[in-house]
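# Structure at a glance
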Amino acid sequence: MKKNFKATTAGSLPKHDWLAETETLWPQWKVSGDELWDKQKKSAKLWIEEQENAGLEIISEGEQFRIHFVHGFLEKISGIDWDKKTQMGIRNDRYTVEVPTVTDAVQRQGSVHLKEASFLRENTENMTKFTLPGPLTISDTIANDYYNSSQDMAMHFAQLLNDEASELAKAGIDIIQFDEPAFNSFTTESIDWGMEALEIAAANLDCKTAVHICYGYGIEENLNWKKTLGEQWKEYESLFPEINKSSIDQISLEFAGSNVPPELMRLLPDKEIMVGVIGVVNDHIETANEVKDNIIEALKHMDSERLIACSNCGMAPISVEVARRKIRALGLGAELANKQFNSLL
């Protein structure tokens, strides 16, 4: 059967209960030292195999080596005081957490994720994707007590991200994805300077580049925020034209179970689109037919060569078993959609 489009996940997958705390956004590791590295590799390998067995063509390591998609990168960046915690409203005050504080010029002391990316590359023959936090989202997830502004700080982080991404691409990663969920909370700032920072982070990479913009993990704070957005979620409307003009190759967006008007995808005629066709909540597991229907609906607004079936967001805070079932539905739903699409040719 001809496959007209591929399938992948947005990024993070749940930690196994023998590795870290489960179903929480900032879990604690249950082991340390060499045992931690061994169990991280074991967990990543299990998720790589799960994705392959489900029929996904673009494979990630599920962020099994990181506690959090932003702080996992920041942990190895100098200039950050992890003992100086600051109460900070995240995603435009959607929720408040204690975050570390930038107190000096940020610098990368060598590669942060090269070992993890190399492990991924060595353990699958499929295409690979590796996620990094985007510079604007970093600036919304760490306190600033050094730079003149969040914009100034984001530009410095953008250069560090570019250096990191360049090493990952040289290690054989096929797609570097920058996660920018904060774009939906700060649409004006995203257009004014967020895209510029993203272009710095993605410049001159020897691989495809992607940006992930969603409405957040399936946690209570995000679900409550979504209820305030009305019958149509229009945050993408101003962002997509700017992204379409950019050098970024792909965009990962939220669609399944959302109030995002599907016609907004038409604002991205020059990009590959990772369409969220499964949600990331614990209380609903899509059937393969639901996934197929979401793909077929999205295909009304783009040609099949540009569609990549995906999850709405990362699945870190949901259970391992729910994530497994969602991944299997994603793979089978993509197969059903391919069959239906081929029958209409």
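For the structure, see preceding data.
Everything in this summary refers to the structure shown in the same document. In this text, all values refer to a predicted model and were calculated from it rather than measured experimentally.

### Overview of the side chain of Glu-116
Here Glu-116 is to be found in helix 3 (residues 114-122). Arg-66 is the oppositely charged side chain nearest to the buried, salt-bridge-free Glu-116, at an N-O distance of 4.2 Å. When near neighbours in sequence (up to four residues on either side) are disregarded, Glu-116 contacts Trp-37, Glu-61, Phe-65, Arg-66 and Phe-130.

### Regarding the sheet that holds strand 2 (residues 58-59)
With parallel pairing, 8 strands are arranged side by side in an open sheet as 1-11-10-9-8-7-5-2. Strands with a single pairing partner mark the edges of an open sheet, and in this sheet they are strand 1 (6-7) and strand 2. Here strand 2 runs beside strand 5 (residues 127-133); their pairing, made up of 2 bridges, is parallel. Its bridge partner being in strand 5, Ile-59 is matched across the sheet by Thr-128. Along the sheet, helix 10 (residues 320-343) contacts strand 1, strand 10 (272-278) and strand 11 (307-311); its crossing angle with strand 10, the most-contacted strand, is approximately 120 degrees.

### Overview of empty space enclosed by the protein
Here the structure, examined in full by the defined rule, presents 2 cavities of 30 Å³ or more. By volume, the second largest cavity is sized at about 110 Å³. Residue lining of the second largest cavity: 18 residues in total, with Lys-15, Leu-25, Pro-27, Ile-67 and Ala-316 positioned closest to the centre. Taken together, the residues that form the lining of the second largest cavity break down as 8 nonpolar, 5 polar and 5 charged.

### Re the packing of helix 9 (residues 288-298) against helix 10
Where helix 9 contacts helix 10, the two axes come as close as 7 Å, and the packing angle between them is 55 degrees. As the angle between them shows, helix 9 and helix 10 are arranged oblique. Crossing of helix 9 over helix 10 shows right-handed handedness. Residues Ala-288, Asn-289, Val-291, Lys-292, Ile-295 and Ile-296 of helix 9 touch helix 10, and the partners they reach there are Ala-329, Leu-330, Leu-332, Gly-333, Ala-334, Leu-336, Ala-337 and Gln-340. Tallied by class, residues from the contact of helix 9 with helix 10 come to 10 nonpolar, 3 polar and 1 charged.

### Observations concerning the pairing of strand 8 (residues 208-213)
Within strand 8, 5 of the 6 residues are buried, which leaves the element mostly enclosed by the surrounding structure. With 5 bridges connecting them, strand 7 (residues 175-179) and strand 8 associate as parallel partners. What sits directly across from Gln-177, in strand 8, is Ala-210. Crossover strand 7 to strand 8 through helix 6 (residues 187-201) is right-handed. Relative to strand 9 (residues 250-253), strand 8 runs parallel, the two being bridged by 4 bridges. Paired with Ile-213 across the bridge in strand 9 is Leu-253.

### As for the pairing of strand 7
Most of strand 7 sits inside the fold, with 5 of its 5 residues counted as buried. Residues Ile-175, Gln-177 and Asp-179 line one face of strand 7 and the alternating positions Ile-176 and Phe-178 line the opposite face, and both faces are buried. Here strand 5 pairs with strand 7 via 5 bridges, running parallel. Opposite Lys-129, over in strand 7, you have Ile-175 as the bridge partner.

### Some points on the packing of helix 1 (residues 33-54) against helix 10
Following both chains from N to C, one finds helix 1 and helix 10 inclined at 30 degrees, their axes separated by 8 Å at the closest point. Here helix 10 runs roughly parallel to helix 1, going by the angle between their axes. For the pair formed by helix 1 and helix 10, the contact residues are Trp-47, Glu-50, Gln-51 and Ala-54 on the first element and Val-320, Ala-323, Arg-324, Ile-327, Arg-328, Gly-331 and Leu-332 on the second. Among the residues forming the contact of helix 1 with helix 10, the class breakdown is 6 nonpolar, 2 polar and 3 charged.

### Brief notes about the environment of Gln-28
Mapped onto the elements, Gln-28 comes out in the loop between strand 1 and helix 1. The sequence separation of Gln-28 and Leu-13 amounts to 15 residues, and the corresponding C-alpha distance is 15 Å.

### Overview of the pattern of salt bridges
Under the definition given, this model contains 19 salt bridges. When the shortest N-O distance is used, the salt bridge between Arg-66 and Glu-61 registers 3.6 Å. Like Glu-61, Arg-66 is buried. Here Arg-108 ties to Glu-167 by a salt bridge, and the two come within 2.9 Å at their closest N and O atoms. Taken as a pair, Arg-108 in strand 4 (residues 95-108) and Glu-167 in helix 5 (residues 150-170) lie far apart in primary sequence, 59 residues in all. In the salt-bridge network here, residues are joined through shared partners; they are Glu-50, Glu-321, Arg-324 and Arg-328.

### Description of the packing of aromatic side chains
Each aromatic ring pair is described using two quantities: the centre-to-centre distance and the angle formed by the ring planes. Evaluation of the coordinates by the stated rule reveals 4 aromatic pairs. Aromatic pair Trp-37 and Phe-65: ring centres 5.2 Å apart, planes at 40 degrees, arrangement tilted. With Trp-37 in helix 1 and Phe-65 in the loop between strand 2 and helix 2 (71-74), this pair connects stretches of sequence that are 28 residues apart. Taking the relative accessible area as the measure of exposure, Phe-65 reaches 8% and is therefore buried. Relative to Tyr-147, the ring of Tyr-146 has its centre 4.9 Å away and its plane inclined at 90 degrees; by these criteria the two rings are edge-to-face. For Tyr-146, a relative accessible area of 42% puts it in the partly exposed group.

Basis of the calculations
- Residues numbered from 1 in each chain as written.
- Predicted model: local features only at pLDDT ≥ 70, side-chain atom pairs only at ≥ 80, totals over all residues.
- Heavy atoms only, no water.
- Helix = DSSP H or I, 4+ residues; strand = E, 2+ residues; numbered from the N terminus.
- Buried < 20%, exposed > 50% of the residue type's maximum accessible area, 1.4 Å probe, protein only.
- Lys, Arg positive; Asp, Glu negative; His and termini not counted.
- Salt bridge = Lys/Arg side-chain N within 4 Å of Asp/Glu carboxyl O.
- Contact = heavy atoms within 4.5 Å.
- Pairing = 2+ DSSP bridges.
- Axes fitted to C-alpha atoms, helices over the stretch in contact; angles between N-to-C directions.
- 1 Å grid on protein atoms, 1.4 Å probe; cavity = no way out; pocket = protein on both sides within 12 Å on 5 of 7 lines; lining within 4 Å.
- Points joined across faces, edges and corners; volume = space filled by probe spheres on them.
- Nonpolar A, V, L, I, M, F, W, Y, C, P; charged D, E, K, R; others polar.
- Parallel < 35°, antiparallel > 145°, perpendicular 65-115°, else oblique.
- Left-handed = near helix turned anticlockwise from the far one by under 90°.
- Right-handed = clockwise from strand over helix to strand, strands pointing away.
- Phe/Tyr/Trp six-rings, centres within 6.5 Å; stacked < 30°, edge-to-face > 60°.

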